[in-house]
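Here are the chains, one letter per residue:
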Amino acid sequence: MYSQGSESLIRQARDIQESELQKFYSRLIKVLGAKEHGHEAVVSLQRLRLILAANKYPRPLPAELQKKVLLLLSSPVEQLQVLSSAVLRETSLDFDYAQEKISPLNSHAAALLLSQVRSKTDLSSYCAQLLRNLDTRQSESPCPLLTHTLPILNSVITHSPDCLTQDHVTLMSKKLVDWLRYASITQGGGASSGGFFTGPRSRQPPPITELDGTVSGDFFTVLCVGQGFTEDQWMNVYSFSMLRHWLLTYHSVSNGNSTVDTDDRSEVDGSVVSMVSATSSSSRLLPPKERLREKAFQYCQRLIEQCDRKAHKKTDTDLQKACLVEAVCILDCVCSEDTSLVYRTFPYIKALFGRLSSDLSFARVLLPIAQFYLNHGEIAAVDCDVVWKLVFGRFPAELFNDHFLAHELMRFLRLNLDSLYTHYFPNLLKLLAWDSPALVDDFVDLLPSLVTPGTAVELLHTLLDLPCLSATLVLQLRCTSVHRSACLPIAEAGARVLLSLEAFRNPSFRGLFLFLLRAEAGTGDTIERLSTLHELLAEAADWPRVVQCAQAVPVLLHIYFNAVPKVADEQLLAHLILVILERSSLLLDIPAYSKEIHRVFSCHLLKLCKLHPSLVVDQSHELLEFAGATTNVYGNEEVYTHVVWVLGEYLSVSCDSRCSVSLITSCFESLEAVLFEITSSPPPDGGSCPAPRVITTLMSAMAKLASRSHDLIPRVSLFLSKLRTVSRGGSVAWCADEEDLVSIVTRGEELWSLLKAPGVAQSVLTPPSCVADPRWHRDANVAVALRLRLLTQLTHSQ
């Protein structure tokens, strides 16, 4: 786990003698007692931390050393703050913030203080102390104290939002209003603080400016520029960064938090207070929470206006995008709390969407706008179709290779599972096809919401074609001028042109690829020339992106088949069985991919037939056609075995009254022909022998069918007797392993013995439900239950 050098240092720290440790303490006290702390102090603190951390139990420090380490929490050197906080956390220290008077408060000191919290009461007291610091006048509190308090408080309420009382929430809301709206509008830093006669007017603090260089004519925001910033301007920045979290934690009327605002009367739509907030120019008359909403609205409104300005630097442009995201999210929170603000907010959001929707570089900004439309579009009676066409249409189609956008879009979809536009699923799956490892967990949660009666069949085909889609996306980027020189994970010998790339550019095959790249569902279930597409993409089978995508498909298929029975009727389930039979032999040739898909198909074919046994009779023609094809024995063993088992198990009058003797006979004859063919001739050239499980399953299915139609028993018995005779002659061409042959013959003898007594055979091979699903352990009127209870009592008494 550790390197050899690290293990040596840890061993030395654990084996240090007490006398040597005391000498080290004394030397460290002298080092820390100096006026300036250099490299020696840093190295000594690092060694002290290692000594304390290497032992199982915390060691107490000498009182004098502990005091000096505590003083380092207020050091101007951040490295010393980090080391002192780490050292003190390894000790059995227990101290009080008010008593120790650690000043100025910083994040490292706060982390130490939080580690000392033992109860909710202690945490509430700690928060009260933080808020008292905020309530002091600026002249009484050092600058770093306030600037560190808000981030610390934000971290505390993240883990324990109920640690603040109603008075604390009210105080904090008032402070946020002051910092957001009433920060100074002149630059800080190098401005002179002299009196009337000390300098020219040019030395007075200049006003703040906008990102485009013009002088700001309104209040300060995070998008204002200056050579330096005052303390209240820094608090403005911190307040904006935690505003959304604060609103969601303490202002949302639906979060169930215990801190209810007794003065806030805006929960009732159309109330007097809400009308005042919508029309009054004097928000000081409002309660603290209402006033904070109003100021948050004004702040975000100004940010949106500031983002219209052309920034001089690219970093400032990125800052504008980030502020737009936060501003729209805050407006969403505010409108959720007070619906009267929706009518004031929507004009700004609508104008913002109109300005940004044509530029996909603002895609991550447009997602919060889409969330706003989703949450409040109905109230404002706004048509949202253009928004969904952008989010579900253009974003995945054109930006599927943007990893950050994919993460944000998945988060948006997971938050709105009940409002998904399911017909866009071919577009959404492009994100998964491009980056399967990163998004497969998201689609595990998302996929059940995409399964509907209208999309189920096409969705199944699309999932099976996901590796083809992955290869097609690679080819699409390869063909674009922007990505023509991109390094793709495709091995090329010399200047050889990829055949799949030529096919992608070939107009005769263009329709195949365009179907894979379709944006919406409803244009068809699958591709008619699917085998041709697989041939064109054969060389993509070993591309890393395609292989990773293929590994995710079985997982998603399990999710899909578990969700289908909840929304599908028997007619749709019957159609899905046909898809299983058809697609089991139409898959992109990727090593181990077909085997995994066949395993999933087999598992869920049994589940569907067990859930609805009548499906076997409904689809008997297709099932018999599949079971009667000898090629499926060698190339599709897993699915073929389960299809045969399903026919033998559920083709019975007890499962479906429509099951006639002629149907049973037809099924028997199909299975008999296949079994006779594979046991009377060697396997095809280059092929392997049929699996023993296939042969035993065929024999068992035929025996089950014969037990339900006794006229078929002589035919089964004749085959089983010949099988025993053939095996006596030694090895056979259709079975390469002697042990497998013995197992097959043994199974045949068991079935032959059963069929000699048709009544017994029927009860064993086709047991009634009361026998197949016994309730003896729950039925007090059955003699077996009495005997079991008696035996249990006897064994327990001993």
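For clarity, every value in this text was computed on a predicted model and none was experimentally measured. (Residues numbered from 1 in each chain as written. Predicted model: local features only at pLDDT ≥ 70, side-chain atom pairs only at ≥ 80, totals over all residues. Heavy atoms only, no water.)

(A) Region of interest: the overall build of the protein. Looking only at helices and strands, the protein features 39 helices and zero strands. Considering the protein as a whole, with its 798 residues, one finds that 48% of them fall into the buried category. A separation threshold of at least 6 residues defines the contact pool for the protein, and within that pool the share at least 24 residues apart is 73%. (Helix = DSSP H or I, 4+ residues; strand = E, 2+ residues; numbered from the N terminus. Buried < 20%, exposed > 50% of the residue type's maximum accessible area, 1.4 Å probe, protein only. Contact = heavy atoms within 4.5 Å.)

(B) Structural view of unusual backbone geometry. The phi angle at Ala381 is positive, at roughly 55°, despite the residue not being glycine. Relative to the assigned elements, Ala381 resides in the loop between helix H16 (363-376) and helix H17 (385-398). Of note in this structure, Ala592 is not a glycine but carries a positive phi near 75°. For Ala592, the location among the structural elements is in the loop between helix H27 (570-583) and helix H28 (593-611).

(C) View of helix H3 (residues 39-53). Here H3 is 15 residues long and its end C-alpha atoms lie 21 Å apart, about the 21 Å a rise of 1.5 Å per residue gives. When H3 is considered as a whole, its buried residues turn out to be Ala41, Val42, Ser44, Leu45, Leu48, Ile51 and Leu52. (Expected span 1.5 Å × (residues − 1).)

(D) Highlighting the packing of aromatic side chains. On inspection of all chains with the given rule, the structure shows 20 aromatic pairs. Between Phe353 and Tyr373 the ring centres are 5.8 Å apart and the planes differ by 55°, which places this aromatic pair in the tilted class. Of this pair, Phe353 sits in helix H15 (residues 342-356) while Tyr373 is found in helix H16, placing the two residues 20 residues apart along the sequence. Here Phe353 matches Tyr373 in class, with each residue buried. Joined through ring pairs, the aromatic side chains of Trp388, Phe392, Phe412, Tyr421 and Tyr424 make up one cluster. Across from the ring centre of Trp434, 3.7 Å away, lies the NZ or CZ of Arg545, which sits over that ring. (Phe/Tyr/Trp six-rings, centres within 6.5 Å; stacked < 30°, edge-to-face > 60°. Lys NZ or Arg CZ within 6 Å of the ring centre and 35° of its normal.)

(E) Structural detail: the pattern of salt bridges. Per the counting criterion, the structure on display carries 24 salt bridges. Between Glu290 and Arg293 there is a salt bridge whose closest N-O contact spans 3.7 Å. Taken as a pair, Glu290 and Arg293 lie in helix H13 (residues 288-306) at a separation of three residues, close to a single helical turn. Look at Glu290 and you get buried, because its relative accessible area is 1%. Overall, the relative accessible area of 1% leaves Arg293 in the buried class. The partner of Arg414 in a salt bridge is Asp442, and the shortest N-O contact between them spans 2.7 Å. Pair noted here: Arg414 is in helix H18 (residues 403-415) and Asp442 is in helix H20 (residues 436-450), with a separation of 28 residues, a long-range link. (Salt bridge = Lys/Arg side-chain N within 4 Å of Asp/Glu carboxyl O.)

(F) Summary view of the packing of H27 against H28. Remark: H27 packs on H28, axes separated minimally by 11 Å, with the N-to-C direction vectors making an angle of 155°. Put simply, H27 runs roughly antiparallel to H28. In the packing of H27 onto H28, the handedness of the crossing is left-handed. Counted together, Leu573, Ile577, Ile580 and Arg583 of H27 and Phe601, Leu605, Leu608 and Cys609 of H28 form the full contact between these two elements. Residues of the contact of H27 with H28, tallied by class, amount to seven nonpolar, no polar and one charged. (Axes fitted to C-alpha atoms, helices over the stretch in contact; angles between N-to-C directions. Parallel < 35°, antiparallel > 145°, perpendicular 65-115°, else oblique. Left-handed = near helix turned anticlockwise from the far one by under 90°. Nonpolar A, V, L, I, M, F, W, Y, C, P; charged D, E, K, R; others polar.)

(G) Representation of the environment of Gln79 in the model. With respect to the helices, strands and loops of the structure, Gln79 is situated in helix H5 (residues 78-89). In this structure Gln79 comes out as partly exposed when scored by relative accessible area, which is 43%. When near neighbours in sequence (up to four residues on either side) are disregarded, Gln79 contacts Val42 and Gln46.

(H) Looking closely at the nonpolar core. Counting 211 residues, the largest nonpolar core has Leu164, Met172, Trp246, Phe395 and Tyr560 as its most contacted members. Here this core gets eleven residues from one element, more than from any other, and that element is helix H26 (residues 544-567). Here Phe395 is in contact with Leu360, Ala363, Leu366, Leu367, Leu390, Phe400 and Leu405, once residues within four sequence places are set aside. Leu21, Phe24, Tyr25 and Val69 belong to the second largest nonpolar core, which has 29 residues in total. (Core = buried A, V, L, I, M, F, W, Y, C linked by side-chain atoms within 4.5 Å.)

(I) Looking closely at the packing of helix H14 (residues 314-337) against H16. Taken N-terminus to C-terminus, the directions of H14 and H16 make an angle of 10°; their axes are 8 Å apart at the nearest point. It follows from the interaxial angle that H14 and H16 lie roughly parallel. Where H14 approaches H16, its residues Lys321, Leu324, Val325, Val328, Cys329, Leu331, Asp332, Cys335 and Ser336 are matched on the opposing element by Arg364, Val365, Pro368, Ile369, Gln371, Phe372, Asn375 and His376. For the contact of H14 with H16, the class distribution of residues is ten nonpolar, four polar and three charged.

(J) Structural detail: the side chain of Ser470. Checked against the element boundaries, Ser470 lands in helix H22 (residues 466-479). The contact partners of Ser470, leaving out residues within four places of it in the chain, are Ala433, Arg545, Val546 and Cys549.

(K) How the structure looks around the environment of Tyr373. A residue is classified by how much of its surface remains accessible, and Tyr373, at 4% relative accessible area, is buried. Considering only alpha carbons, one finds Tyr373 and Val387, 14 residues apart in sequence, at a separation of 8.0 Å.

(L) Examining the environment of Asp525 more closely. Along the chain, the position of Asp525 falls in the loop between helix H24 (510-516) and helix H25 (530-536). Owing to a relative accessible area of 35%, Asp525 belongs among the partly exposed residues under this scheme. A C-alpha to C-alpha distance of 9.6 Å links Asp525 and Ala456, two positions 69 residues apart in sequence. Setting aside residues up to four positions removed in sequence, Asp525 forms contacts with Val457, Glu458, His461, Phe515 and His575.

(M) Structural detail: the confidence of the model for the protein. Looking at the protein, pLDDT values average 83 and 84% of them are 70 or higher. Long-range and interchain partners of residues 191-197, a stretch whose pLDDT sits below 50, account for two contacts in this model, where long-range means more than four residues apart. Every residue in residues 482-495 is under pLDDT 50, and counting partners more than four places away or in other chains gives 19 contacts. (pLDDT = per-residue confidence, 0-100.)

(N) Main features of the side chain of Ser216. Tracing the backbone through its elements, the reader meets Ser216 in the loop between helix H10 (166-181) and helix H11 (231-250). Engagement of the side chain of Ser216 in a polar contact is seen with the side chain of Arg302, the distance being 2.9 Å. Excluding anything up to four places from it in sequence, Ser216 contacts Ile208, Thr209, Glu210, Cys224 and Arg302. (Polar contact = N/O pair within 3.5 Å; in protein donor to acceptor, adjacent residues only side chain to side chain.)

(O) Structural view of a nonpolar patch on the surface. On the surface, Leu790, Leu791 and Leu794 cluster together into a nonpolar patch covering about 300 Å² of accessible area. Position of Leu790 among the secondary structure elements: in helix H39 (residues 783-797). When its relative accessible area of 49% is taken as the criterion, Leu790 is described as partly exposed. (Patch = residues over 30% accessible without salt bridge, like charges linked within 9 Å, V, L, I, M, F, W, Y side chains within 5 Å. Areas by Shrake-Rupley, 256 points an atom, 1.4 Å probe, with all protein chains shown as cover.)

(P) Up close: the state of the cysteines. The full count for this structure, using the stated rule, is zero disulfides. This cysteine, Cys659, is not joined by any disulfide, and Cys655 carries the nearest cysteine sulfur, 8.3 Å off. Just so you know, Cys689 is unpaired, no disulfide at all, and the nearest cysteine sulfur is the one on Cys735, 6.7 Å from it. (Disulfide = S-S within 2.5 Å.)

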